[in-house]
Amino acid sequence: RQMIAAQGELVAGCCSSRFRHLDSARAATDFIATGALGKLQTLRVRAILPAGPPTGQKPPLWRQSHELNAGGILTNWGCYDMDYLLGITGWAFQPMTVLAQTRPVLPQFTHFVAPGSDADSYYTALILDEEGTALSMERGEFMAAAYDETWQIIGTEGSLTLPVLPAEGNQLIYDKGTKQQGVISEVIWEGDDRHSTMGWRLIEDFATAIRQGRAPLTGIKQSLVIAQITDAIYESAAQGEAVQIT
């Protein structure tokens, strides 16, 4: 809020938008803007990373530390998940109610984090907005579970499954609900997303925003929404009940 108040006519941005500079994200943004999904009902991410064998390496002190990192896996990844889902849907989501739970690293996997780590290795959260749209978020690392990473936008007319991470042969899959045939699946985009694209396009967008006097893909006001949701998730988990964002 202090940064917003001090910004004035300056251009300010946030790097949490980097995944939205991928070709697949741009295609998803354009497709959602057509209204083909109908009224959006659920924005969802589930990212579960299983524990592997011990590496023998000394884990970093900051990874799951409230003092050094302001949190754990939510702090590390939450801004990217939220920026992606809220950004490609036009930042229309206005968070209101948050119910969440966090858990520390499992006892059998404490060798993956530094001694004394006190932050989350797993979290799950349900965020509702003023229109009844739900943002469902679940992410964990060093889990006793199989690998699963899914980002999805679900609407009244169809859903879109999204490949957020850069990879070759990424696909955008549109599942359309029809009265005659039920759900019909269609690949609406396919291509290679590269890590390098996120970096230079992010910088290019910011530089162009300065030259043109426009806002970059993610500005400070959008970052405030992400920060509010993050804080509310930790608050709800600590209190054991739903909290409100005003």
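Residues numbered from 1 in each chain as written. Predicted model: local features only at pLDDT ≥ 70, side-chain atom pairs only at ≥ 80, totals over all residues. Heavy atoms only, no water.

Caption draft 1: The arrangement of the overall build of the protein in detail. Helix and strand content of the protein: six helices and nine strands. Relative to the compact-globule value of 18 Å for 246 residues, the protein shows a C-alpha radius of gyration of 19 Å, a close match. A principal-axis box enclosing the C-alpha atoms of the protein has dimensions of 50 × 50 × 40 Å. When the 246 residues of the protein are sorted by exposure, 44% land in the buried category. (Helix = DSSP H or I, 4+ residues; strand = E, 2+ residues; numbered from the N terminus. Rg over C-alpha atoms; globule rule 2.2 N^0.38 Å. Buried < 20%, exposed > 50% of the residue type's maximum accessible area, 1.4 Å probe, protein only.)

Caption draft 2: The nonpolar core, seen in detail. Ranked by size, the top nonpolar core spans 44 residues in total, and within it Leu135 and Leu162 carry the most contacts. Ranked by residues supplied to this core, first place goes to helix α4 (residues 73–88) with eight residues. Other than its neighbours up to four places away in sequence, leucine 135 contacts Leu43, Met82, Leu85, Leu86, Phe93, Ala125, Leu126, Ile127 and Ile229. Core analysis: the next-biggest nonpolar cluster, separate from the first, contains five residues, Val105, Phe109, Phe112 and Phe142 among them. (Core = buried A, V, L, I, M, F, W, Y, C linked by side-chain atoms within 4.5 Å. Contact = heavy atoms within 4.5 Å.)

Caption draft 3: Looking closely at the side chain of arginine 201. Take arginine 201: it is sitting in helix α5 (residues 195–212). Beyond its immediate stretch of four places on either side in the chain, arginine 201 contacts His21, Leu22, Asp23 and Arg26.

Caption draft 4: Quick look at the packing of α4 against helix α6 (residues 220–239). As a packed pair, α4 and α6 sit with axes 10 Å apart at the nearest point and diverge in direction by 130°. Considering the angle they form, α4 stands oblique to α6. Relative to α6, α4 is oriented so that their crossing is right-handed. On the side of α4, the interface is formed by Leu74, Thr75, Cys79, Met82, Asp83 and Leu86, while α6 contributes Val225, Ile226, Ile229, Thr230, Ile233 and Tyr234. Here the contact of α4 with α6 is built from residues that sort into nine nonpolar, two polar and one charged. (Axes fitted to C-alpha atoms, helices over the stretch in contact; angles between N-to-C directions. Parallel < 35°, antiparallel > 145°, perpendicular 65-115°, else oblique. Left-handed = near helix turned anticlockwise from the far one by under 90°. Nonpolar A, V, L, I, M, F, W, Y, C, P; charged D, E, K, R; others polar.)

Caption draft 5: Focus on unusual backbone geometry. A positive phi is found at alanine 70, a non-glycine position, where the angle reads about 60°. With respect to the helices, strands and loops of the structure, alanine 70 is situated in the loop between α3 (66–69) and α4. Of note, phenylalanine 142 is a non-glycine position whose phi angle comes to about 55°, a positive value. With respect to the helices and strands, the residue phenylalanine 142 is situated in strand β4 (residues 134–143).

Caption draft 6: Quick look at the packing of aromatic side chains. Taken as a whole and judged by the stated rule, the model has six aromatic pairs. Centroid distance phenylalanine 31 to tyrosine 174: 4.8 Å. Interplanar angle 65°. Geometry classified as edge-to-face. Note that phenylalanine 31 is positioned in helix α2 (residues 23–33) and tyrosine 174 in strand β7 (residues 170–178), a separation of 143 residues in sequence. There is no split in this pair, since phenylalanine 31 and tyrosine 174 are both buried. By way of ring pairs, the aromatic residues Phe19, Trp77 and Tyr80 are connected into one cluster. (Phe/Tyr/Trp six-rings, centres within 6.5 Å; stacked < 30°, edge-to-face > 60°.)

Caption draft 7: Representation of the side chain of threonine 89 in the model. Within the secondary structure layout, threonine 89 lies in the loop between α4 and β2 (95–103). Engagement of the side chain of threonine 89 in a polar contact is seen with the backbone oxygen of leucine 86, the distance being 3.1 Å. Setting aside its immediate chain neighbours within four residues, threonine 89 contacts Ile32, Leu40, Leu43 and Ile153. (Polar contact = N/O pair within 3.5 Å; in protein donor to acceptor, adjacent residues only side chain to side chain.)

Caption draft 8: Structural view of the pairing of β2. Where β2 meets strand β3 (residues 122–129), eight bridges bridge the pair, whose relative direction is antiparallel. Along β3, the bridge assignment pairs glutamine 101 with threonine 124. Judged from the two bridges that link them, β2 and strand β9 (residues 243–244) form a sheet pairing that is antiparallel. Looking at the pairing, threonine 97 lines up with glutamine 244 of β9. (Pairing = 2+ DSSP bridges.)

Caption draft 9: Highlighting the sheet that holds β7. Strand order in the open sheet formed by nine strands is β8-β7-β6-β5-β1-β4-β3-β2-β9, and the pairing between neighbours is mixed. With partners counted over all chains shown, the strands left at the sheet margins are β8 (182–191) and β9, one partner each. As judged from the four bridges shared by strand β6 (residues 158–162) and β7, these two strands associate in the antiparallel manner. From the neighbouring strand, leucine 160 faces β7, where its bridge partner is tyrosine 174.

Honestly, that's just the spatial picture; any functional story needs more than this.
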